[in-house]
Structure formats: C-alpha cells, structure tokens
Amino acid sequence: MPDFLAGARDENSALFFEAARAAFLRAEKNATTSVQRFFRIGGFTVGLRFAGHALPPRLTPALEHLSTAPAACDLTIFLWDSASTETEMTPPPWSRDDYGVHGEVRGYNMPRIRTAFHLGSGVLSALDLQNNEAIFWIRDAADLPIYESGAPLLTTLHWWMSARRRQLIHAAAIGREDGGVLLVGKGGSGKSSTALRALNSELQYAADDYCLLEGGERPFVHSLYSSGKIHSCDAHKFPFLQPALDASYNLNNEKALFFLHDTFGHKISAGFPIRAVLCPTVTGRETTTLRKIPASASLLALAPSTIFQLPGAGHNDFSFLSEVVRRVPGYALELGRDYENIPRVIADFLETL
Amino acid sequence: MQLSSLTTYSVSRPQIIREQFDEEVVIVDLDTGSYYALGGAGGAVWSAIEAGHNQAQIVAQLAASYSGEVAEIEAATLRLLDELQREALIVPGAADSTNGAAQDGSTPIATAEGDKPAFEAPILQKFTDMQALLLLDPIHEVDSAGWPQPKPDEPEMIPVAAPATQG
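Description of the state of the cysteines
All names here are of chain A.
And step 1. Under the counting rule described, the total for this entry stands at zero disulfides over all chains.
And step 2. Unpaired in this structure, C279 has its nearest cysteine sulfur neighbour in C211, at a distance of 14 Å.
And step 3. Of the residues examined, C279 reaches a relative accessible area of 10% and is grouped as buried.

The following block contains the structure:
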C-alpha cells in the first residue's frame, strides 16, 4: 500500500485547502444566498455553512435531531456544489494515480490537513485541523447518492473527532439515559433491526449504523445520525415504522433509507454511557438470549468493519477500540423469533448491570 | 526434528496490528483487509515471537507452561509458525523498532506442575469478509479540470415518495 504520509509537505496541502476555501467564498457570492445550520455533535458545536440551497435538504435530515441554536463553532464546514452556484472548484494539484482505496490523496494527508475524494460519490472532503475548518464539495448536488444523505460528512467527522478522543464506529446503540449497549457486527447480523425495534419500546435509540464512541473510564456513545435502512421485504416486521417509511428512499439491494427525526424524534437519544457490547446473531430459535463472550470476540465484531471503512483508520483506532472492549463486558445476543420481545430482553439485561 | 536455536521471528510489517487478550490474539492486516483470531496456545506462541525468542525457545517455553506431549507441542508450534509465515504475518529474523509489540493484557500462565493447563493446539482463524472494502478501482476518466468522474457504487436512487424538504 502506498505511504500516504509521504510526498508533499504540509505546505502544499495547506495551499490547496486555502484555494478550495477561496472557491467556496466565490460560490457563496455567486449563489447570493447562504444557509447556516448548527449541530451539537459529540459534545461539540459543528457549523455547516452552505453556499446556495441545493445541498441542505440532502445533507441535514440525518442530523436534524442534533440541531442547535447558532453558537460559536468548534468546527466549521463549508459546503457547496458547482452546478447550482455556477462556480468551478480549483483543479486538483495531484495526479489520477494519487488516490487510495478510500479516496485518500497521496501527499495531501499530513498532520495538519486531510484530503480525500470519494470515487463512488464524487465528494471532496478536506479538513484543516489547525483552523478547525473543513470543505465539502461535489460537482452537482443532484448527483449526491442517497447513502450520503443517510450518513453525511462521515469522513470529515471521523477525522476531526478522532483528534478529540471520539471514535466514529460502525455500530448501533440503544438504551436509557443512565446506560445502554452497543450492537456490533457485520451486515446481516441483526444489529440494525434490533436497534430499530427500540423505537417501539421503552428503550431509546441513538444509532442504527454509525455513532461516536467517547473513550475513557466510562465509555460514552454519542448519537450521530437519525437515519435508518431496512430491506423492503422486512418492512412488514416493523409496522410501527410506517410513518417514517412513507417518506423513504430506495437504495439498491431493495433497501429503503428513511429519516426518523420527524416521526420518532421523542425516541432518539443524544447519547448515554455504554454498559455492554452486544454481538447479535440470528439463531432461528424460539427466544432471545444473552451469553457472555470474551473481550477478543467483541473486538473482532467491532474493529474490522470500523477500521476498513474509514479513510486513514489504523493503529490508533484499533488501540482505542481495544481499550473500550477491555473496559466494557461483551455478550452474544442470540436473536430468537420473539422479535417484539428483543428490546425487553435488553432492557431487563441492563437492569442487571 | 532438530529445532533451530538461530531462527527468530518478527512481525512482518507495521501494517500488522494486533491486540493480545488472555484467550486469544486479534490480528488485523491493514494492507490486505484480512483479520485473524489466534486461539489455543497461539497466544503464548505470539508472545514468544514478540519477545524475540528463537524456535527452540518458543517450544521450550510452551512445554514448560502446558501439560502435554512435548512432541505434540513441538509439531503444533512449528505448524503455526509455518502458517503465520504463509499468511505474511511474521518473517524470520529479529524485529526492528518499527513493528511495535502487541499490547498485552494477558495473565501470565502458571507454570507450577500441578497448575499447568492442558496444551490446546493453536488455532488461527482467518476472516476475509472485509477485503472487498480495500479493492482499488483504477480511475479511467477525469473531467477537464482533472477531477475523477464518479463511479457510482449504488445505482440511481428513486424516491419512494416526495422528499420531506428541509431548509
């Protein structure tokens, strides 16, 4: 694998960031209008400054539950598209051979500046860790894939939060204000469907697919997105989701993406302490049970899908996750056919911790 | 078989990251997307590798720590060392400073004769389900400014109903 920490110095990457920032200011001027939104994410105020109106409806729905009043920002993200603002982006100073598997740009990922171009979505993400500013650019907002709407700004938030002892992880999270569980595992394990069932129970929902995990003596999960995905063929198992599914979007593989803030805002938690890591598996048995598993099993379920999805993830992220699974007990959540009872099993389990 | 007192091993690359627990070692290869669970006596073997022990010392340490036939322990250890090399996780030779040692939270194995646990042959489980995430597509087209043309990894999205607008 190419060494993406070699190559151009911080100076070149900073120059590109400044040029991209200047392009945003031109876009904002050309658009004649700008939209500013503020969100409380992971305990920080993140400001989104949009040039024009094309991107906000595509990027804010999954963050609505974290919306907050205007305030001084810990991180400011400048967002725009060339089509609606009629403003070109500065050309890339690197070659077409400089992209890594997650779009990381060789020579433009230095201690201060991070840069990635996601080849699937056509989104440029850049972050200045010194000035706490970031760039989000796409040629045409109309071309933004729906999955980006379900998990917006994933790359930028991963980079910025990592520097603040908050790890973006591939996990669901449900629980109560005084404590909850992470649900971890690969696709098809029952992680997301278990989390969605919390919306029809006494438990609160914090995440379906991605969340922020804060380390330390008492690990804490912060909600990040209030979006969900479900296979169309499974929709009948979640009749309570119909109000949200009425305004959903089709993904491929017959999945639907929906947003929860409007219909389930009262069931979404901003976060809670983590008391256990649960690794769900579908068993086909009658009832749902829990079985203690070693910390290594929790790490195997949690770390790979997190690390291999995120640009620049590696040693530090792995060590962070290892520390968490040593602190928090792990259990196999052996899912039975008693679907409606699953949240109760977890709620009763939380009482014992 | 004559065990070598000259052959030591080291972790092959900085991209091999690992964490050692009491029951097993979790190993992740950041280059290939493969990850592993090394159980049984494999954890003790891995500790000995990271400590710079040679082949003969590794077997001697396991024989001192576990109850079981020495010949069985030797054969199983050599099989594991061979497998770890085939997976490009270790290489013969001394470690340098760049391949940092695993974090080890494991409990030292009791060696008093009556407390020796029974030897369990090392088991290396390999998982490759994440490899697809590391496949690099060469870029074929760029626009006039040099930006790559997106390659959609999801086809056109079709709203099921009219989108809820947000401002």
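Quick look at unusual backbone geometry
Comment: phi is negative for the bulk of residues other than glycine, and the bulk of peptide bonds are trans.
And step 1. In the Ramachandran plot, A:T32 falls in the positive-phi region, its phi being about 65° despite a non-glycine side chain.
And step 2. Here A:T32 lies in the loop between α1 (10–31) and β1 (34–41).
And step 3. A residue is classified by how much of its surface remains accessible, and A:T32, at 66% relative accessible area, is exposed.
And step 4. One non-glycine residue, B:A88, lies in the positive phi region at around 60°.
And step 5. Residue position: B:A88 is located in the loop between α3 (70–86) and β5 (90–92).

Let's talk about the interface of chain B and chain A
And step 1. Taken together, the contact pairs 54 residues of chain B with 56 residues of chain A.
And step 2. Both faces considered, chain B and chain A share a buried interface measuring about 4,500 Å² in area, 65% of it formed by carbon and sulfur atoms.
And step 3. Across the contact surface, chain B and chain A share three salt bridges.
And step 4. Across the salt bridge formed by A:K186 and B:D129, the nearest N and O atoms sit 3.6 Å from each other.
And step 5. Across the contact surface, chain B and chain A share 10 residue pairs in polar contact (both at pLDDT 80 or more).
And step 6. Of all the elements in the fold, those that place two or more residues in the side of chain B that touches chain A are β2 (16–20), β3 (25–29), β4 (35–39) and β8 (158–159) of chain B.
And step 7. Of all the elements, β2(B) adds the most residues to the side of chain B that touches chain A, at four residues.
And step 8. Classifying every residue of the side of chain B that touches chain A gives 30 nonpolar, 11 polar and 13 charged.

Quick word on the nonpolar core
Soluble globular proteins: nonpolar side chains tend toward being buried together.
Residue and element names in this part refer to chain A.
And step 1. Core analysis: the largest hydrophobic core is formed by 81 residues, its most contacted members being I41, L48, I77, L79, F136, L182 and Y225.
And step 2. Considering every element that reaches this core, the biggest residue donor is helix α9 (residues 295–307), with seven residues.
And step 3. Residues in contact with F136, not counting those within four places in the same chain, are L55, L59, I77, F78, L79, W80, V123, L124, L144 and L153.
And step 4. In this structure, L203, F238, L241 and L350 belong to the second largest nonpolar core, which totals 31 residues.

Observations regarding the packing of aromatic side chains
Centre distance and the angle of the planes are the two values used to describe a pair of aromatic rings.
And step 1. One pass over the full model with this rule turns up 16 aromatic pairs over all chains.
And step 2. When the ring of A:W94 is compared with that of B:W147, the centres are 5.7 Å apart and the planes differ by 85°; the resulting orientation is edge-to-face. Separated into two different chains, A:W94 in the loop between α3 (82–85) and β4 (113–118) and B:W147 in the loop between β7 (123–127) and β8 make up a pair that spans both. When sorted by exposure, A:W94 lands in the same class as B:W147, which is buried.
And step 3. Where B:Y35 meets B:F127, the ring centres are 5.0 Å apart and the plane angle is 15°; that geometry is what we call stacked.

Quick look at the sheet that holds strand β6 (residues 133–138) of chain A
The strands that make up a sheet pair up through hydrogen bonds in the backbone, lying either parallel or antiparallel.
Residues and elements named next belong to chain A.
And step 1. Taken in spatial order, the six strands of this open sheet run β1-β2-β3-β6-β5-β4, and their pairing is mixed. Pairing within the sheet leaves two strands with one partner each, and these edge strands are β1 and β4. Put simply, the sheet's adjacent strands are angled 15° from each other on average, direction ignored.
And step 2. As judged from the five bridges shared by strand β2 (residues 44–51) and strand β3 (residues 75–81), these two strands associate in the parallel manner. Bridge pairing in β3 links F50 to L79.
And step 3. Its contacts with the sheet put α1 on β1, β2, β3, β4, β5 (123–128) and β6, and the angle it makes with β2 is roughly 60°.

Overview of the confidence of the model for chain B
Residue and element names in this part refer to chain B.
And step 1. Here chain B averages 81 in pLDDT, and 75% of its residues register 70 or above.
And step 2. Confidence drops under a pLDDT of 50 for residues 154–167, and excluding neighbours within four residues, the segment shows 27 contacts in the predicted structure.
And step 3. As scored by the predictor, the complex reaches a pTM of 0.90 and an ipTM of 0.89.

Topic: the packing of helix α2 (residues 55–65) of chain B against α3(B)
Residues and elements named next belong to chain B.
And step 1. Running from N to C, α2 and α3 cross one another at 130°; their axes reach a closest spacing of 10 Å. Put simply, α2 runs oblique to α3. The interaxial crossing formed by α2 with α3 has right-handed handedness. Residues Q55, I58, V59, L62 and A63 of α2 touch α3, and the partners they reach there are V70, I73, E74, T77, L78 and L81.
And step 2. Across the contact of α2 with α3, the residue classes tally to eight nonpolar, two polar and one charged.

Quick notes on the packing of helix α1 (residues 42–50) of chain B against α3(B)
All names here are of chain B.
And step 1. As a packed pair, α1 and α3 sit with axes 11 Å apart at the nearest point and diverge in direction by 65°. The angle between the axes of α1 and α3 places the two elements in the roughly perpendicular class. In this structure, α1 meets α3 at a crossing whose hand is right-handed. The residues of α3 that touch α1, namely those facing G42, V45, W46 and I49, are T77, L80, L81 and L84.
And step 2. Here the residues of the contact of α1 with α3 sort into six nonpolar, two polar and no charged.

Considerations on α2(B)
Residues and elements named next belong to chain B.
And step 1. Among the residues of α2, those classed as buried are Q55, I58, V59, L62 and S65. Viewed along the axis of α2, the buried residues span an arc of 135°, placing them on a single side of the element.
And step 2. Among the structural elements, β1 (9–11), α1 and α3 are those in contact with the buried residues of α2.
And step 3. Two or three places before A56, at the opening of α2, N54 has a side-chain oxygen 3.1 Å from that residue's backbone nitrogen.

A few points about helix α10 (residues 315–327) of chain A
And step 1. Over its 13 residues, α10(A) runs 19 Å from end to end, which matches the ideal 18 Å to within 8%, given 1.5 Å per residue.
And step 2. Residues of α10(A) that are buried: A:D317, A:F318, A:F320, A:L321, A:S322, A:V324 and A:V325.
And step 3. In this structure, the buried side of α10(A) is in contact with α5 (154–162), β7 (166–170), β11 (210–214) and α9 of chain A together with β2 and β3 of chain B.

What to know about the pairing of β2(B)
All names here are of chain B.
And step 1. Counting buried positions along β2 yields five of five residues, so the element is predominantly enclosed.
And step 2. The alternating pattern of β2 places I16, R18 and Q20 and I17 and E19 on opposite faces, both of which are buried.
And step 3. Inspection of the sheet shows β2 paired to β3 by five bridges, in the antiparallel sense. Pairing of I16 across the sheet is with D29, part of β3.
And step 4. Counting the residues in the hairpin turn of β2 and β3 gives four residues.

The rules we used
Residues numbered from 1 in each chain as written. Chains lettered and ligands numbered in written order. Predicted model: local features only at pLDDT ≥ 70, side-chain atom pairs only at ≥ 80, totals over all residues. Heavy atoms only, no water. Disulfide = S-S within 2.5 Å. Buried < 20%, exposed > 50% of the residue type's maximum accessible area, 1.4 Å probe, protein only. Helix = DSSP H or I, 4+ residues; strand = E, 2+ residues; numbered from the N terminus. Contact = heavy atoms within 4.5 Å. Buried area = accessible area lost by both parts, 1.4 Å probe. Salt bridge = Lys/Arg side-chain N within 4 Å of Asp/Glu carboxyl O. Polar contact = N/O pair within 3.5 Å; in protein donor to acceptor, adjacent residues only side chain to side chain. Nonpolar A, V, L, I, M, F, W, Y, C, P; charged D, E, K, R; others polar. Core = buried A, V, L, I, M, F, W, Y, C linked by side-chain atoms within 4.5 Å. Phe/Tyr/Trp six-rings, centres within 6.5 Å; stacked < 30°, edge-to-face > 60°. Pairing = 2+ DSSP bridges. Axes fitted to C-alpha atoms, helices over the stretch in contact; angles between N-to-C directions. pLDDT = per-residue confidence, 0-100. Parallel < 35°, antiparallel > 145°, perpendicular 65-115°, else oblique. Left-handed = near helix turned anticlockwise from the far one by under 90°. Arc of directions from axis to C-beta. Expected span 1.5 Å × (residues − 1).

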